[in-house]
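# Coordinate analysis (summary)
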Amino acid sequence: AWLSISAVHDATGTVTHFIASVVDVTRRKSDEARIEQLAFEDPLTQLPNRRVLMDRLHHALTAAARSGQHAALLFIDLDNFKTLNDTKGHLFGDELLRGVADRLRQAVRDGDTVARLGGDEFVIMLEALGRDAAVAARLARTVGEKIRLAVAQPLQLRDVEVVATCSIGVRLFDHQATVDDLLRHADTAMYAAKSAGRNAVRFFDPAMEAALSQRAELESDLRQALQQGQFVLHLQPQVDAAGRQLGAEVLLRWQHPRRGLVSPQAFIGLAEDTGLIHELGEWVLAQACELLHAWSQRPERAHLALSVNVSARQLHEPGFLSRVERLLQRHPVPVGRLKLELTESSLLDGTPEAVEQLERLKALGLSFSLDDFGTGYSSLQYLKRLPLDELKIDRSFTRDIVDDPNDRAIVRTIIGMAQSLNLGVIAEGVETPAQQAVLADAGCRQWQGYLFGRPQPLNDFEAGLDELGAAVH
Ligand code: C2E
Ligand code: MG
Ligand code: MG
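Here's what I pulled together on the structure shown here. (Residues numbered from 1 in each chain as written. Chains lettered and ligands numbered in written order. Predicted model: local features only at pLDDT ≥ 70, side-chain atom pairs only at ≥ 80, totals over all residues. Heavy atoms only, no water.)

## Examining the environment of K339
- Here K339 shows up in strand β14 (residues 338-343).
- A relative accessible area of 16% places K339 in the buried class.
- Considering only alpha carbons, one finds K339 and R412, 73 residues apart in sequence, at a separation of 24 Å.
- Contact partners of K339, with chain neighbours within four places excluded, come to L306, S307, V308, S367, F368, S369 and E390. (Helix = DSSP H or I, 4+ residues; strand = E, 2+ residues; numbered from the N terminus. Buried < 20%, exposed > 50% of the residue type's maximum accessible area, 1.4 Å probe, protein only. Contact = heavy atoms within 4.5 Å.)

Given below as structure tokens:
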């Protein structure tokens, strides 16, 4: 209601009455709401229109700049709409568009934007896909496929069943983009999907597109690699201040039939995502146990230890402890020579469960090295709680330690901290005598890096041991 009050004065100017009038403004308000709706909403599907989309894209870019997260724009175009519209009539076409709009809405999360640009063009914006571009690409790909499949389901319109497929172009973005570019690129990718035969999802970035299909290929190869015996272990020496071999870090390699030697950086993440890491990790541990056992039979090698990388996924799997127990039963190894390299991220929380898991492994006789130390968010608090034996100074500090006073200061701090917590320290990635000298000056006494030996096949590593032995005798 709209209330207005006016005063009535007499001849002397004194107020004698007030007159109030009340007007019903329901109609006006509902008209305003309708106008607003028309301005922001597509009347056919009730989806946000182009104007809203542009506005949200601007916001998304600002949000991405603030959060460092990736987002994705999916440009969706129906493949056979024009024919359907022309042959079956416009009312039929309208119903089809409404049906598709419903499916799009159902395929995404609440916070995501689904908009209709006009005609048979829709746009979906996915936000907060994380900081890692590869992860974001995978998420966007998953949603894209989900949408493609949802749209391709037969749709019952009145008494006929229609199948409408769509082509989807994806443009992944962070804050370094403009709204116009985003729409244009997503559109380009959509056309690539059309020309690839329609009913497909394509990414704008050709390099990313290539990487994704390569990954899919790698994944199917990875599933067979273990059965086909394509994995090998390389050993990289770890030495002490006097240059004596303490043992080695075990580094996994994939001898791919076509690609040659594949680095773990290219497949460990994939193995983690697919769950293959459990089997693979167990294989690595088993190999390490066998090797330790073999070495224990030879007095000149019996002192050597092995460090095995264990990924966070493995460590957090409920069955990990019993896997290790079974392994140790099967291989009578001097367990004190087996060290597990854990990463900060796998221990980050330092939750009671994580601590307990480590304590149990420790009770079996294993020791722990904290790999890549300094790159995560380690707090002294949890370092104190966890039963660690060694900190491994990350390669990134070693690399710049000669020139960068900050890295030098950090390394000094790490070493001081390790000493006060009674932990060993080893530096990785040592390539030059200069790096070694600076590290030694900071108190480091154990080394790993190209300066002392590259990761090498077992035979070469053992040959190196023999040479060393021959030199000593
Ligand atoms: P990481 O555990 O930090 O391993 C050290 C990496 O640094 C190795 O790369 C090694 O080849 C490299 N490196 C050693 N010395 C030098 C040096 O002086 N200079 C330079 N530039 N690099 C050096 P690699 O073998 O490619 O392994 C990469 C990562 O893959 C490892 O990092 C580890 O996190 C993971 N990984 C390797 N094997 C396994 C495994 O069996 N299981 C699991 N879960 N992860 C593994
Ligand atoms: Mg390591
Ligand atoms: Mg490392």
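Next comes the rest of the description.
## Notes on the site of ligand 1
- Around ligand 1 sit 24 residues, and of these R253, D371, R395, E431 and Y450 come closest.
- In the model, an oxygen atom of ligand 1 is placed 2.7 Å from a nitrogen or oxygen of the D371 side chain.
- With respect to ligand 1, the side chain of E431 contributes an N or O atom lying 2.5 Å from a nitrogen atom.
- For ligand 1, whose free accessible area comes to 800 Å², the fraction covered by protein is 86%.
- If you list the elements that add at least two residues to the shell around ligand 1, you get β11 (245-256), α8 (264-274) and β15 (367-373).
- A per-element tally of the shell around ligand 1 places β11 first, with four residues.
- Residues belonging to the shell around ligand 1 are distributed by class as follows: eight nonpolar, eight polar and eight charged. (Near = heavy atom within 4 Å. Polar contact = N/O pair within 3.5 Å; in protein donor to acceptor, adjacent residues only side chain to side chain. Areas by Shrake-Rupley, 256 points an atom, 1.4 Å probe, with all protein chains shown as cover. Nonpolar A, V, L, I, M, F, W, Y, C, P; charged D, E, K, R; others polar.)

## Concerning the environment of Q448
- Checked against the element boundaries, Q448 lands in strand β18 (residues 446-448).
- Each C-alpha atom of the pair Q448 and A286 lies 23 Å from the other, and the pair is 162 residues apart in sequence.
- Excluding its chain neighbours within four sequence positions, the residues that come into contact with Q448 are Q236, P237, Q238, E249, K392, I426, A427, E428, G429 and V430.
- Among the polar contacts listed, one links the side chain of Q448 to the side chain of Q236, at a separation of 2.7 Å.

## Concerning the coordination of the magnesium ion (ligand 2)
- Those donors, E249 (OE), N309 (OD1), E341 (OE) and D371 (OD), are the protein atoms that reach the magnesium ion (ligand 2), and they lie 1.9 to 2.2 Å from it.
- When the donors of the magnesium ion (ligand 2) are listed by position in the chain, the intervening gaps give E-x59-N-x31-E-x29-D.
- Distance-wise, the magnesium ion (ligand 3) is placed 4.1 Å from the magnesium ion (ligand 2), both being coordinated by D371. Of this pair, N309 sits in strand β13 (residues 305-309) while E341 is found in strand β14, placing the two residues 32 residues apart along the sequence.
- With relative accessibility at 31%, the residue N309 sits in the partly exposed group. (Donors = N, O, S within 2.8 Å, 3.2 Å for Na, K, Ca; no water.)

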